[in-house]
Amino acid sequence: HNTILPLVIFPGSSNQISVHADAILYLSLISGRNPQYLISEHVKSAPLIYDLSIETIPTAYILLESGVRSSVEVVSDTQPIPMEKHDIILAHALAGQFLGKSLIFLETGSGAEVHAASEIISYMKPHLSIPIIVGGGINTVKSANALVNAGADYIVTGTQIENLPTRAQLIKFTQAVHRN
């Protein structure tokens, strides 16, 4: 890779492991009930990750409803949790924490039009002792900053990066996230 920074990936399956990764978000789709994404992909990928000596970061992945059917829903054959169900989202996050996950990843799906509501983050934050990552639908500096102010520890902006922002746009986005 073309950076001195660590490269952390979050693959969608065991087929997307890269020798170039320094670490991997070892995602378990705990909001779904499809065993393939709860454990099967992990079992398939474990020997390769071991052989490549890639650091694993156990991550509880929670898919939230965004109003449109996301790629994650289609590929994983799981239903997202409705965003107004704060108690159910928190129960999943706590279960992930109690299972020993290092991170909670709330996502509405790649390229989503809406992101996790700030209210969900602020509702969950006091109950968790592990960091919260938010991804999907974070398209503006204002929305990224609102999520950080609500308690998000990390922001994922995959589609924003894929759209090749200018250096100035990227700096502005980064400053909104790191302002606190």
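Note that this is a predicted model, so its numbers are computed, not measured. (Residues numbered from 1 in each chain as written. Predicted model: local features only at pLDDT ≥ 70, side-chain atom pairs only at ≥ 80, totals over all residues. Heavy atoms only, no water.)

Participant: Which parts of the structure should I look at to understand the packing of aromatic side chains?
Facilitator: In this description, a pair of aromatic rings is defined by centroid distance and the angle of the planes. On inspection of all chains with the given rule, the structure shows 2 aromatic pairs. Where F10 meets F105, the ring centres are 5.4 Å apart and the plane angle is 55°; that geometry is what we call tilted. Taken together, the residues F10 in the loop between β1 (8-9) and β2 (23-29) and F105 in strand β4 (residues 103-107) connect sequence positions 95 residues apart. Aromatic side chains Y61 and F105 sit 5.3 Å apart centroid to centroid with 70° between the ring planes, which places their arrangement in the edge-to-face category. A residue pair is termed long-range when its members are at least 10 positions apart, and Y61 in strand β3 (residues 55-63) and F105 in strand β4 qualify at 44 residues. The exposure class assigned to F105 is buried, which follows from its relative accessible area of 0%. Through a chain of ring-to-ring contacts, the aromatic side chains of F10, Y61 and F105 assemble into a single cluster. (Phe/Tyr/Trp six-rings, centres within 6.5 Å; stacked < 30°, edge-to-face > 60°. Helix = DSSP H or I, 4+ residues; strand = E, 2+ residues; numbered from the N terminus. Buried < 20%, exposed > 50% of the residue type's maximum accessible area, 1.4 Å probe, protein only.)

Participant: For this particular structure, what's the right way to read the nonpolar core?
Facilitator: Taken as a class, soluble globular proteins show a tendency for nonpolar side chains to be buried jointly. Among the nonpolar cores identified, the biggest contains 28 residues, and L64, I104, L106, I121, M124 and V134 are the most heavily contacted of them. Top contributing element to this core by residue count: helix α5 (residues 141-150), with 4 residues. Apart from residues no more than four positions distant in its own chain, L64 is found in contact with P80, I81, M83, I89, L106, E107, T108, A116 and I120. Residues L25, Y37, L63 and I133 belong to the second largest nonpolar core, which totals 12 residues. (Core = buried A, V, L, I, M, F, W, Y, C linked by side-chain atoms within 4.5 Å. Contact = heavy atoms within 4.5 Å.)

Participant: In this structure, what is going on with the sheet that holds β1? I would like to understand it.
Facilitator: Through backbone hydrogen bonds, the strands of a sheet pair up, either in parallel or in antiparallel fashion. One open sheet holds the 6 strands; their spatial order is β1-β2-β3-β4-β5-β6, and the pairing between them is parallel. With partners counted over all chains shown, the strands left at the sheet margins are β1 and β6 (154-156), one partner each. (Pairing = 2+ DSSP bridges.)

Participant: Even after reading the chapter, I still don't get the pattern of salt bridges, so can you show me in this structure?
Facilitator: Here the idea is simple: oppositely charged side chains can pair when their charged atoms come close. For the coordinates displayed, the defined rule picks out 3 salt bridges. The closest approach of N and O atoms between E41 and K44, which form a salt bridge, is 3.5 Å. On the criterion of helical spacing, the pair formed by E41 and K44 is a turn pair, its members being 3 residues apart in helix α1 (residues 35-52). Overall, the relative accessible area of 54% leaves K44 in the exposed class. Between R69 and E73 there is a salt bridge, and its shortest N-O distance comes to 3.5 Å. Judged by its relative accessible area of 52%, R69 falls in the exposed class. The exposure class of E73 is buried, given its relative accessible area of 8%. (Salt bridge = Lys/Arg side-chain N within 4 Å of Asp/Glu carboxyl O.)

Participant: I tried to follow the layout of surface pockets on my own but got confused; where do I start?
Facilitator: Reported here for the second largest pocket is a volume of approximately 170 Å³. Of all the secondary-structure elements, those providing two or more residues to the lining of the second largest pocket are β2, α1 and α3 (86-98). With 3 residues, the top contributor of residues to the lining of the second largest pocket is α1. (1 Å grid on protein atoms, 1.4 Å probe; cavity = no way out; pocket = protein on both sides within 12 Å on 5 of 7 lines; lining within 4 Å. Points joined across faces, edges and corners; volume = space filled by probe spheres on them.)

Participant: Please explain the side chain of S28 as it appears in this structure.
Facilitator: By the element assignment, S28 lies in strand β2. Under the relative-accessibility criterion, S28 is labelled buried at 5%. Not counting residues up to four positions away in its chain, the partners in contact with S28 are Y37, L38, H42, T59, A60, Y61 and K101.

Participant: Hey, could you run me through a nonpolar patch on the surface in this one?
Facilitator: A contiguous nonpolar surface patch, about 240 Å² in accessible area, is contributed by V19, L48 and L52. Mapped onto the fold, L52 is located in helix α1. (Patch = residues over 30% accessible without salt bridge, like charges linked within 9 Å, V, L, I, M, F, W, Y side chains within 5 Å. Areas by Shrake-Rupley, 256 points an atom, 1.4 Å probe, with all protein chains shown as cover.)

Participant: Looking at this model, I keep getting lost on the environment of T108. Mind explaining?
Facilitator: Here T108 shows up in the loop between β4 and α4 (118-124). Residue T108 is classed as buried on the basis of its relative accessible area, which comes to 0%. Separated by 28 residues in the primary sequence, T108 and P80 have C-alpha atoms spaced 8.1 Å apart. Apart from residues no more than four positions distant in its own chain, T108 is found in contact with L63, L64, E65, S66, S70, M83, V114, H115, A116, G135, G136 and G137. Only 2.7 Å separates the side chain of T108 from the backbone oxygen of V114, close enough to count as a polar contact. Looking at T108, its side chain comes within polar contact range of the main-chain oxygen of G136, at 3.2 Å. (Polar contact = N/O pair within 3.5 Å; in protein donor to acceptor, adjacent residues only side chain to side chain.)

These figures capture arrangement, not role.
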